[in-house]
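Here is what each chain is made of, one letter per residue.
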Amino acid sequence: MEQIANFFSNIPDYWRTIILASGFMLMWLVESAIPLFRNNTNKLGHTGINLFFTITTIIVNFFFAVLLVKASDFTTQHHFGILYLVKLPLWLHAILGIMLLDLIGAYLIHLLEHKVKWMWKFHIIHHTDPHVNATTALRHHPGESVFRAVFAILAILIAGVPVWLVFVYQTVSALLSQFNHANMKLPKWLDAGMQWIIVSPNMHKVHHHYSMPVTDSNYGNIFSFWDRIFGTFMKKNVNELQYGLDVFPEEDAHSYLPRLLKIPFEPYRAPTGAKFGKEKVKQD
Ligand SMILES: [Zn+2]
């Protein structure tokens, strides 16, 4: 545990880039070997758009990194945060820290993004992706990346976590997100089994269904039990899922970069009420 703490305390930026890129490479290989949907062609345009948003997310996170480290150092120096209320062994502090960062910095902000209209309008571009795969993981509008970073800081201050643990969390979170967005078909027993602890590929795919109320389920990022605890867990047959959003069926709303950047500033569109597994939305 001490060694992990030391490694992540001094982890250079290039290491984190290597981990992120290796995750993409590994998922790309797995997606080619055991795809969930065969028509999920990794078109150059699709990858280009998602990588563009991955880069903007990295840039926003780069600017917020200083604040994240400052917040974390503050909690360490002043023993500030829930986890300092009792004296915990390092391993337990680490596990509970990752759980709280996942709850506040991922689950809670994601839930808010679906419930608060102006936040939803930024989150839409993550959901308009018609071909969900590992590259969808960081397809976030730069505006969304900002409020996710703000919630990450909030989570650090509430929980009280040292810098090395923040880096561990960010690494695990990025890899898990690539994993559960990946277009891969795991054996049923394996996918269903891991859903008791972590968010599996099938569990997260349900969240990417194009119509309500299915879109408003399975908000988890690392741990699946938050959805079970807060009643947002939903199980569906993945073969009946359709990616995208009923309210944005037009081609440029998912595949044209200037339009994607503008969507948060367009008028709000209410859900159509299309039923799960029924009529499929026409995508031109
Ligand atoms: Zn979402």
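My aim in this report is to walk through the structure given alongside it, one point at a time. Only a predicted model underlies this, so the values are computations on that prediction, with no experimental measurement involved.

### Side note on the overall build of the protein chain
Thinking step 1. Scanning the protein chain from N- to C-terminus turns up 12 helices and zero strands.
Thinking step 2. When the helices and strands of the protein chain are read in sequence order from the N terminus, they spell out α-α-α-α-α-α-α-α-α-α-α-α.
Thinking step 3. Taking 2.2 N^0.38 as the reference for a compact globule, 284 residues should give roughly 19 Å; the C-alpha atoms of the protein chain span a radius of gyration of 19 Å, in line with that estimate.
Thinking step 4. If you line up the protein chain on its principal axes, its C-alpha atoms span 55 × 45 × 35 Å.
Thinking step 5. Every one of the 284 residues in the protein chain was classed for burial, and the buried ones make up 53%.

### Quick word on the packing of aromatic side chains
Thinking step 1. One pass over the full model with this rule turns up 10 aromatic pairs.
Thinking step 2. Geometrically, the ring pair formed by Trp 118 and Phe 147 is edge-to-face, given 5.7 Å between the ring centres and 85° between the ring planes. Note that Trp 118 is positioned in helix H5 (residues 117–127) and Phe 147 in helix H6 (residues 142–159), a separation of 29 residues in sequence.
Thinking step 3. On the basis of relative accessible area, Trp 118 is assigned to the partly exposed category, the value being 49%.
Thinking step 4. Among the residues examined, Phe 147 registers a relative accessible area of 9% and is labelled buried.

### Some thoughts on the environment of Met 234
Thinking step 1. On the secondary structure map, Met 234 appears in the loop between helix H10 (225–229) and helix H11 (252–255).
Thinking step 2. For the pair Met 234 and Thr 135, spaced 99 residues apart in the sequence, the C-alpha separation amounts to 24 Å.
Thinking step 3. When neighbours within four sequence positions are excluded, Met 234 is seen to be in contact with Val 206, Pro 213, Val 214, Ser 217 and Asn 218.

### Describing the coordination of the zinc ion
Thinking step 1. Every protein donor of the zinc ion is listed here as His 110 (NE2), His 114 (NE2), His 123 (NE2), His 127 (NE2) and His 207 (NE2), and their distances to the metal cover 2.1 to 2.3 Å.
Thinking step 2. Motif for the zinc ion, donor spacing along one chain: H-x3-H-x8-H-x3-H-x79-H. You can see His 114 sitting in helix H4 (residues 90–115) and its partner His 207 sitting in helix H9 (residues 201–207), a full 93 residues away along the chain. For the pair His 114 and His 207, one class covers both residues: buried.

### A look at the packing of helix H3 (residues 44–78) against H6
Thinking step 1. Between H3 and H6, the shortest axis-to-axis distance is 9 Å and the interhelical angle comes to 20°. One finds that H3 runs roughly parallel with respect to H6. Crossing handedness for the pair H3 and H6: right-handed. The segment H3 lies against H6, with Phe 53, Thr 56, Thr 57, Val 60, Asn 61, Phe 64, Leu 67, Leu 68, Ala 71, Ser 72, Phe 74 and Thr 75 engaging Pro 142, Ser 145, Val 146, Ala 149, Val 150, Ala 152, Ile 153, Ile 156 and Leu 157.
Thinking step 2. A class-by-class count of the residues in the contact of H3 with H6 yields 15 nonpolar, six polar and no charged.

### Focus: H4
Thinking step 1. Between its first and last C-alpha, H4 extends 36 Å over 26 residues, near the 38 Å set by a 1.5 Å rise per residue.
Thinking step 2. The largest bend along H4 reaches roughly 30° and is located at Leu 103.

### Examining the layout of surface pockets
Thinking step 1. Size it by volume and the largest pocket reaches roughly 1,200 Å³.
Thinking step 2. Together, 43 residues line the largest pocket, and Thr 57, Asn 61, Leu 138, Gln 170 and Ala 174 are the ones closest to its centre.
Thinking step 3. For the lining of the largest pocket, the per-class residue count stands at 23 nonpolar, 17 polar and three charged.

### Some details on the nonpolar core
Thinking step 1. Within the largest apolar cluster, 49 residues are counted, with the highest numbers of intra-cluster contacts made by Ile 98, Ile 156, Val 161, Trp 164, Leu 165 and Phe 179.
Thinking step 2. Elements that contribute at least two residues to this core include exactly helix H1 (2–9), helix H2 (13–33), H3, H4, H5, H6, helix H7 (163–181) and H10.
Thinking step 3. Setting aside chain neighbours within four positions, we find Ile 98 in contact with Leu 165, Val 168, Tyr 169, Ile 222 and Phe 223.
Thinking step 4. In this structure, Trp 120, Ile 125, Val 247 and Leu 260 belong to the second largest nonpolar core, which totals 11 residues.

### Some details on the packing of H5 against H6
Thinking step 1. Orientation of H5 relative to H6, taken along the N-to-C sense of each, is 120°, at an axis distance of 8 Å. The angle between the axes of H5 and H6 places the two elements in the oblique class. Here the hand of the crossing between H5 and H6 comes out left-handed. Across from Trp 118, Met 119, Phe 122 and His 123 in H5, the residues of H6 making contact are Gly 143, Glu 144, Phe 147 and Arg 148.
Thinking step 2. Residues of the contact of H5 with H6, tallied by class, amount to four nonpolar, two polar and two charged.

The rules behind these values
Residues numbered from 1 in each chain as written. Predicted model: local features only at pLDDT ≥ 70, side-chain atom pairs only at ≥ 80, totals over all residues. Heavy atoms only, no water. Helix = DSSP H or I, 4+ residues; strand = E, 2+ residues; numbered from the N terminus. Rg over C-alpha atoms; globule rule 2.2 N^0.38 Å. Buried < 20%, exposed > 50% of the residue type's maximum accessible area, 1.4 Å probe, protein only. Phe/Tyr/Trp six-rings, centres within 6.5 Å; stacked < 30°, edge-to-face > 60°. Contact = heavy atoms within 4.5 Å. Donors = N, O, S within 2.8 Å, 3.2 Å for Na, K, Ca; no water. Axes fitted to C-alpha atoms, helices over the stretch in contact; angles between N-to-C directions. Parallel < 35°, antiparallel > 145°, perpendicular 65-115°, else oblique. Left-handed = near helix turned anticlockwise from the far one by under 90°. Nonpolar A, V, L, I, M, F, W, Y, C, P; charged D, E, K, R; others polar. Expected span 1.5 Å × (residues − 1). Bend = angle between axes of the 7 residues up to and from the residue. 1 Å grid on protein atoms, 1.4 Å probe; cavity = no way out; pocket = protein on both sides within 12 Å on 5 of 7 lines; lining within 4 Å. Points joined across faces, edges and corners; volume = space filled by probe spheres on them. Core = buried A, V, L, I, M, F, W, Y, C linked by side-chain atoms within 4.5 Å.

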